[in-house]
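Observations on the three-dimensional arrangement
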Amino acid sequence: MADRVTVIGWDGSPLTAAARSALGAATLVAGAAHHLALPEVPPTAERIRLGSVALAARRITGHRGTAVVLADGDPGFFGVVRTLRAPEFGLEVEVVPGVSSVAAAFARAGMPWDDAQVVVAHRRTLRRAVNVCRAHTKVAVLTSPGAGPAELGLLMEGVHRTFVICEELGTDHEQVTVVTSDKAADHTWRDPNIVIVIGGTAPVTEDGGWIAGRDPAAAPRGWTLPAESYGGLMGEGELEPLRAAQLARLGPRVGDLVWDIGCGSGAFATEAARAGAAVIAVDRDLRACERTEANARAFGLQVQIVAGTAPHVLENLPEPDVVRVGGGGVAVVSAVADRRPQRIVAHAATRDEAELVGRDLSEHGYRVECALLQSVELDTRAWTETERSVAFLLSAVLPDRTA
């Protein structure tokens with residue numbers, strides 16, 4: 001095992017005395033091509049071109065001498081330190097951090113970033129990163145080849161955002177460009193780059209907040225809220241007990257895309273967005289679309305509204321993770337199941353209707369559960385019944401997509 005392992009973060013500025021000292025004593029240096037070209041790298045040191053960090057860690061584990069790993073920015077923030085410290089390598093490291101690329105990008109944009117979400121986009125995580133950009137008003141995306149500004153822009157179709165694209169930060173080729181999301185695919189962007197995605201309206205905190213990202217105290221408590229919070233009158237399929245059960249079955253979370261088909265007042269769409277998920281709300285009634293947009297805006301949430309009749313309007317929507325079918329019957333449920341979301345919830349007024357929906361979901365390969373939900377609301381001043389609702393709740397899970 002190496003006698004000493006130092007990880008140096010480089011942000012384009014001159015190396016600190018501690019970094020120069022560690023690098024000068026190194027017998028092995030790992031880094032990208034531009035790191036290995038630094039004049040401070042000893043000419044006699046073994047050099048490893050950093051591709052797979054895990055492979056480099058194995059080489060360092062077997063090295064007898066002093067090792068240095070060079071990385072951009074802060075190597076402890078979505079960087080190499082996590083891999084090097086993994087139990088299978090057993091490396092104890094010293095870290096000399098640089099300014100993180102995220103901090104540098106926001107500095108170039110002249111913006112605060114304690115209220116930002118930060119995500120990493122690889123080919124396998126690109127869709128989830130896009131969903132975070134759909135759901136939040138300020139996101140920093142650490143990109144990678146094949147999952148860069150152009151790909152982000154293409155997958156953001158239907159949602160307007162502004163991209164601040166920072167290329168090759170800290171180098172002589174550094175460039176900062178501002179474009180709208182629909183124009184990002186018109187350009188070729190140099191790696192490495194970071195994209196700051198901005199759009200929508202977020203609640204303003206006078207004191208700057210107390211926690212990074214979205215302040216949970218900015219929203220009222222409770223998974224679901226009463227009808228009065230959404231302007232009053234709701235249909236049978238939107239009553240609070242049913243909504244709470246649907247949310248519990250779907251479990252929307254950050255990185256998910258939720259479809260709410262037959263959104264009505266927008267109560268469910270708003271509550272799924274409050275959980276951090278991206279939401280597309282669909283309804284054929286323009287008044288329902290307007291009400292949903294107004295309710296989401298009142299809570300400072302970003303919900304994409306699509307006016308049209310399901311199932312046809314669903315054909316060009318991006319792939320969902322979980323779906324609530326609030327109307328349309330078996331035809332809509334079947335069209336949704338064809339898209340293979342991880343989870344689907346629907347409701348029915350009668351047992352016969354519930355059986356039809358459940359059979360269709362089972363034929364699509366879903367594991368189906370059905371429960372009869374009955375709720376009775378009482379006036380606690382006189383303990384008399386004020387409202388009663390009954391519905392069959394159907395929930396379906398795709399066994400091969402249970403994560």
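Note: the structure precedes this text.
Residues numbered from 1 in each chain as written. Predicted model: local features only at pLDDT ≥ 70, side-chain atom pairs only at ≥ 80, totals over all residues. Heavy atoms only, no water.

Focus on the overall build of the protein chain
For the record, the criterion: For the purposes of this entry, the term helix denotes a DSSP run of H or I that reaches at least four residues, the term strand denotes a run of E that reaches at least two, and both are numbered from the N terminus. Note on contacts: a residue pair qualifies if any of its non-hydrogen atoms lie within 4.5 Å across the two residues. With residues, only the protein chains shown are counted as cover, and all accessible areas are computed by Shrake-Rupley using a 1.4 Å probe. Note that His is not counted, nor are the chain ends; the positive residues are Lys and Arg, and the negative ones are Asp and Glu. We put the charge of a Lys on NZ, of an Arg on CZ, of an Asp on CG and of a Glu on CD.
Across its full length, the protein chain carries 12 helices and 17 strands. With the principal axes as the frame, the protein chain shows a C-alpha extent of 85 × 50 × 40 Å. When contacts within the protein chain are restricted to residue pairs at least 6 apart in sequence, long-range pairs at least 24 apart make up 61% of them. Surface exposure of the protein chain reaches about 19,800 Å², of which carbon and sulfur atoms provide 52%. Across the protein chain, the centroid of the 39 positively charged side chains sits 4 Å from that of the 49 negatively charged ones.

Comments concerning the sheet that holds strand β16 (residues 367-379)
Stated formally: A pair of strands is labelled paired if DSSP reports no fewer than 2 bridges between them. Fitting a line to C-alpha atoms yields each axis, with helices limited to the stretch in contact; the angle taken between N-to-C directions then spans 0 to 180 degrees.
Taken in spatial order, the seven strands of this open sheet run β13-β12-β11-β14-β15-β17-β16, and their pairing is mixed. Both outer strands of the open sheet, β13 (303-307) and β16, are each paired with one neighbouring strand and no more. The average undirected angle you get between the axes of adjacent strands in this sheet is 20°. One ladder, built from six bridges, connects strand β15 (residues 343-348) with strand β17 (residues 384-397); its direction is antiparallel. The residue of β17 that forms the bridge with Val345 is Ser395. Helix-sheet contacts for helix α11 (residues 329-338) involve β11 (257-261), β14 (322-325) and β15, and the interaxial angle to β14 is about 175°.

Looking at the pattern of salt bridges
Keep this limit in mind: By convention in these notes, a salt bridge is any Lys or Arg side-chain nitrogen within 4 Å of a carboxyl oxygen on Asp or Glu. Only protein chains enter the accessibility calculation, which uses a 1.4 Å probe; a residue whose area is less than 20% of its type maximum is buried, one above 50% is exposed, and one in between is partly exposed.
Within this structure, the stated rule accounts for 17 salt bridges. Between Arg287 and Asp285 there is a salt bridge; the shortest N-O distance is 3.6 Å. Notably, a salt bridge pairs Asp379 with Arg381, separated by 3.0 Å at the nearest N-O pair. Given the relative accessible area of 78%, Arg381 is considered exposed. Each of Arg128, Arg253 and Asp256 takes part in salt bridges that share partners, so that together they form one network.

Quick notes on helix α10 (residues 286-298)
Since the α-helix advances by 3.6 residues per turn, residues separated by three or four positions end up pointing in the same direction. To be explicit about the condition: What a helix is expected to span follows from its residue count: subtract one and scale by 1.5 Å. Along the arc lie the directions from the helix axis toward the C-beta atoms. We call two N or O atoms a polar contact when they sit within 3.5 Å, provided that within protein one can donate a hydrogen and the other can accept it, with sequence-adjacent residues counted only if both atoms are side-chain atoms.
Its 13 residues place the ends of α10 18 Å apart at the C-alpha level, agreeing with the 18 Å of an ideal helix rising 1.5 Å per residue. Of the residues making up α10, those classed as buried are Ala288, Cys289, Thr292, Asn295 and Ala296. Looking straight down α10, one finds its buried side chains confined to an arc of 135°; they lie on one side. Every exposed residue of α10 that faces more than 90 degrees away from the buried side is listed here: Leu286, Arg287, Glu290, Arg297 and Ala298. For α10, the elements touching its buried residues are α9 (267-274), β12 (278-283) and β13. Measuring from the side-chain oxygen of the N-cap residue of α10 to the backbone nitrogen of Arg287 gives 2.8 Å; that N-cap residue is Asp285. Within two residues after α10, Gly300 carries a phi angle of roughly 70°, on the positive side.

A few points about the packing of aromatic side chains
Under the convention used in this document: Centres within 6.5 Å are what make two rings of Phe, Tyr or Trp a pair, Trp counting through its six-membered ring; a difference in plane orientation under 30 degrees is then read as stacked, over 60 as edge-to-face, and the rest as tilted.
Scanning the entire structure with this criterion turns up three aromatic pairs. Centroid distance Phe106 to Trp113: 5.9 Å. Interplanar angle 5°. Geometry classified as stacked. Using a relative accessible area of 31% as the deciding quantity, one classes Trp113 as partly exposed.

Regarding the sheet that holds strand β2 (residues 28-31)
Spatial strand order, β3-β2-β4-β1-β5: five strands in an open sheet with parallel pairing. In this open sheet, the two strands that pair with only one neighbour each are β3 (46-49) and β5 (93-96). Between one strand and the next, the sheet's axes are offset by a mean angle of 20°, whatever the strand orientation. Note: β2 against β3, four bridges, orientation parallel. Residue pairing for β3: Ala30 is matched across the bridge by Ile48. Against the sheet, helix α1 (residues 17-24) contacts β1 (4-10), β2, β4 (66-72) and β5, and its axis sits at roughly 135° relative to β1.

A look at unusual backbone geometry
With an omega of -5°, the peptide bond between Asp191 and Pro192 qualifies as cis. Of note, Pro192 is situated in the loop between β9 (175-180) and β10 (193-198). With an omega of 10°, the peptide bond between Ala310 and Pro311 qualifies as cis. We note that Glu168 has phi near 45°; this positive angle belongs to a residue other than glycine. Overall, the relative accessible area of 16% leaves Glu168 in the buried class. In this structure, Arg340 takes a positive phi of about 60° despite not being glycine.

Here's the deal with the side chain of Asp360
Within the secondary structure, Asp360 is located in helix α12 (residues 351-363). For the buried Asp360, no salt bridge is present, and the opposite-charge side chain at shortest range is Arg340, 8.8 Å distant.

Notes on the nonpolar core
Generally speaking, nonpolar side chains in soluble globular proteins are found buried as a group. What counts is decided by this rule: By nonpolar core is meant a set of buried Ala, Val, Leu, Ile, Met, Phe, Trp, Tyr and Cys residues that side-chain atoms within 4.5 Å join together.
Core analysis: the largest hydrophobic core is formed by 28 residues, its most contacted members being Trp259, Ile261, Leu314, Val325, Val336, Ile344 and Leu361. For this core, the secondary structure elements donating two or more residues are β11, β12, β14, α11, β15, α12 and β17.

So far we have only geometry, and geometry alone does not tell us how the molecule works.
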